[in-house]
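Chain residues, written in single-letter form:
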Amino acid sequence: MKNICLLGSTGSIGTQTLDVVAKHPDELRCVALAVRRSVGTALAQARQFGVHQVAVADELAANSPEAQELRAWCEAGGGFLRFGAQAVEELCLLPDVDVVVNALVGAAGLRASYLTLEAGRVLALANKESLVVGGDLLMPLAARLNGLRGDNGALMPIDSEHGAIYQCLLGEDMAEVTKLWVTASGGPFRGRTREQLTGITPAQALAHPTWNMGAKISIDSSTLMNKGLEVIEAHHLFSMPYEKIEVVVQPQSAIHSMVEFSDGSVKAHLGTTDMRIPIQFALSYPQRWEAPVAPLDFRTLGTLEFAAPDTDTFRCLALARQAGEIGGTLPCVMNAANEVAVAAFLAEQLPYLGIAECVEDAMEALGSQPVESLDQLAAIDAASRARARQFVAGQ
Ligand code: MG
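A quick note: this is a predicted structure, and the numbers were derived from the prediction, not measured.

Next up on the list: the overall build of the chain. Per the secondary structure count, the chain includes 15 helices and 11 strands. For 395 residues, the compact-globule formula gives about 21 Å, and the C-alpha radius of gyration of the chain, at 20 Å, lands near that figure. For the C-alpha atoms alone, the extent of the chain along its principal axes is close to 60 × 50 × 45 Å. When contacts within the chain are restricted to residue pairs at least 6 apart in sequence, those whose partners lie at least 24 apart make up 70%. For the chain, the accessible area works out to roughly 16,200 Å², and carbon and sulfur atoms hold 50% of it.

Shown next as structure tokens:
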């Protein structure tokens, strides 16, 4: 039995994680959960899954009638209801937690990832920004924990591409890997020119063709920033130099990523486009359990297409790669500016093509320095957000 602390339980990854828990009650138990502010949904989840340790990030949510009800439920079960960002992070340190599923949105997830690995718990990571911003701090902690565990299971990626690469690498010698092929759907605007993207609205950008996801990641997928973040994530997770990480557009999203070896062999990971498969693998490793959804039927799959990404139109991918290659604190700058730009676009304060312009402006203004600490990254994150807000205000 693995005891799970689920951070971000009401989002897309959070609810699908609970689906996996419900399907495998003999293997998984949710013992703690955290939400941003959806107290009512947290209450329903806590009752359904018998969870009595709950944190809510937004302190303003503390006074609602539902919060009173949730507190009563938690305390009746010997647990607690706490509020604030620190309360969310402290859930990772509860004595009965084996695995933390970090499905928080944005750089706010980094501290929880750090605390989890530092405390010697398994980190099942859907919050890719943790690695993008703090990979230099997280990976040494993961390596130390892998050493103690005697396997490679300290940091399990929940991102479908990285879960795919992880599985392709099982049993392989990293010295024989010549390339990681990270697949991209291309998003809803694949094939369009820059001119055709000038008037894009949030509703258009939120309609992803193959994956059903939250707002932030859906916008990132449409700009290909998501793929840029994933390139940086792959660099850290698999200690792979950037020149060996290639992005290829695979519009059907049936191939979740590929690994090429020195003898020219390529291993691909395929599966139904449903996040419950990579979520379950991250939680079942080193075992495999019964499929959480219907497997792929190759007789009805049809054609698989491949194409190079258009980085002139989708500049966020090129900017993210550039940030990763320069390294240090530049990915932190890039990510923070992107978070502000995406929020501004969703609030109709920034045009669609302004997202990349805002990111580029912050990267040029703030530059890079070596990564030293969480506090340093938090300060740089704040400086980049301030710069990005200035950019948005000037639009
Ligand atoms: Mg992905």
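There is more to say, and it comes next.
Further remarks concern the packing of aromatic side chains. What the rule picks out here adds up to five aromatic pairs. Here the aromatic rings of Tyr166 and Tyr285 are separated by 5.5 Å at their centres, their planes lie at 90°, and the arrangement is edge-to-face. Of this pair, Tyr166 sits in helix α7 (residues 160–169) while Tyr285 sits in the loop between α11 (276–284) and α12 (315–326); the two residues are 119 residues apart in sequence, bridging distant segments of the chain. The pair formed by Tyr166 and Tyr285 is uniform in burial state, with each residue classed as buried. With centroids separated by 5.4 Å and ring planes inclined at 65°, the aromatic side chains of Phe345 and Tyr352 adopt a geometry described as edge-to-face. An aromatic cluster of at least three residues, connected via ring pairs, comprises Tyr166, Phe281 and Tyr285.

Further remarks concern the environment of Pro95. Inspection of the secondary structure puts Pro95 in the loop between α4 (85–90) and β5 (99–102). Owing to a relative accessible area of 76%, Pro95 belongs among the exposed residues under this scheme. Taking C-alpha positions, Pro95 is 16 Å from Ala34, a pair spaced 61 residues apart along the chain.

Where helix α6 (residues 128–149) contacts helix α10 (residues 225–237), the axes come no closer than 8 Å and their chain directions differ by 20°. One element, α6, and the other, α10, form an angle in the roughly parallel class. The handedness of the crossing between α6 and α10 is left-handed. Of the residues in α10, those touching α6 at Lys128, Leu131, Val132, Gly135, Asp136 and Met139 are Asn226, Leu229, Glu230, Ile232, Glu233, His236 and Leu237. Counted by class, the contact of α6 with α10 contains six nonpolar, three polar and four charged residues.

Further remarks concern unusual backbone geometry. Omega for the bond connecting Tyr285 with Pro286 falls within 30 degrees of zero, at 10°, which places this linkage in the cis form. Of note, Leu224 is a non-glycine position whose phi angle comes to about 70°, a positive value. At Glu348, a position not held by glycine, the phi torsion is positive, near 60°. Mapped onto the secondary structure, Glu348 falls in the loop between α13 (330–346) and α14 (354–366). Under the relative-accessibility criterion, Glu348 is labelled exposed at 65%.

Taken domain by domain, the chain comprises domain 1 (2–157), domain 2 (159–271 + 293–314) and domain 3 (327–395). Here the C-alpha centre of domain 3 lies 27 Å away from the C-alpha centre of domain 1. With 11 residues of domain 1 in contact, the opposing surface of domain 3 contributes 15 residues. Summed over both partners, the interface of domain 1 with domain 3 buries about 910 Å², with 68% contributed by carbon and sulfur atoms. A per-residue breakdown of the area domain 1 buries against domain 3 is headed by Arg111, Val133 and Leu137, which together make up 49% of the total.

The coordination sphere of the magnesium ion, as far as protein atoms go, consists of Asp159 (OD), Glu161 (OE) and Glu230 (OE), spread over 2.1 to 2.2 Å. Mapped onto the polypeptide sequence, the residues donating to the magnesium ion form the spacing pattern D-x1-E-x68-E. You can see Glu161 sitting in helix α7 and its partner Glu230 sitting in helix α10, a full 69 residues away along the chain. Take Glu230: its relative accessible area is 1%, and that puts it in the buried class.

The rules we used
- Residues numbered from 1 in each chain as written.
- Predicted model: local features only at pLDDT ≥ 70, side-chain atom pairs only at ≥ 80, totals over all residues.
- Heavy atoms only, no water.
- Helix = DSSP H or I, 4+ residues; strand = E, 2+ residues; numbered from the N terminus.
- Rg over C-alpha atoms; globule rule 2.2 N^0.38 Å.
- Contact = heavy atoms within 4.5 Å.
- Areas by Shrake-Rupley, 256 points an atom, 1.4 Å probe, with all protein chains shown as cover.
- Phe/Tyr/Trp six-rings, centres within 6.5 Å; stacked < 30°, edge-to-face > 60°.
- Buried < 20%, exposed > 50% of the residue type's maximum accessible area, 1.4 Å probe, protein only.
- Axes fitted to C-alpha atoms, helices over the stretch in contact; angles between N-to-C directions.
- Parallel < 35°, antiparallel > 145°, perpendicular 65-115°, else oblique.
- Left-handed = near helix turned anticlockwise from the far one by under 90°.
- Nonpolar A, V, L, I, M, F, W, Y, C, P; charged D, E, K, R; others polar.
- Domains from an automatic or database assignment.
- Buried area = accessible area lost by both parts, 1.4 Å probe.
- Donors = N, O, S within 2.8 Å, 3.2 Å for Na, K, Ca; no water.

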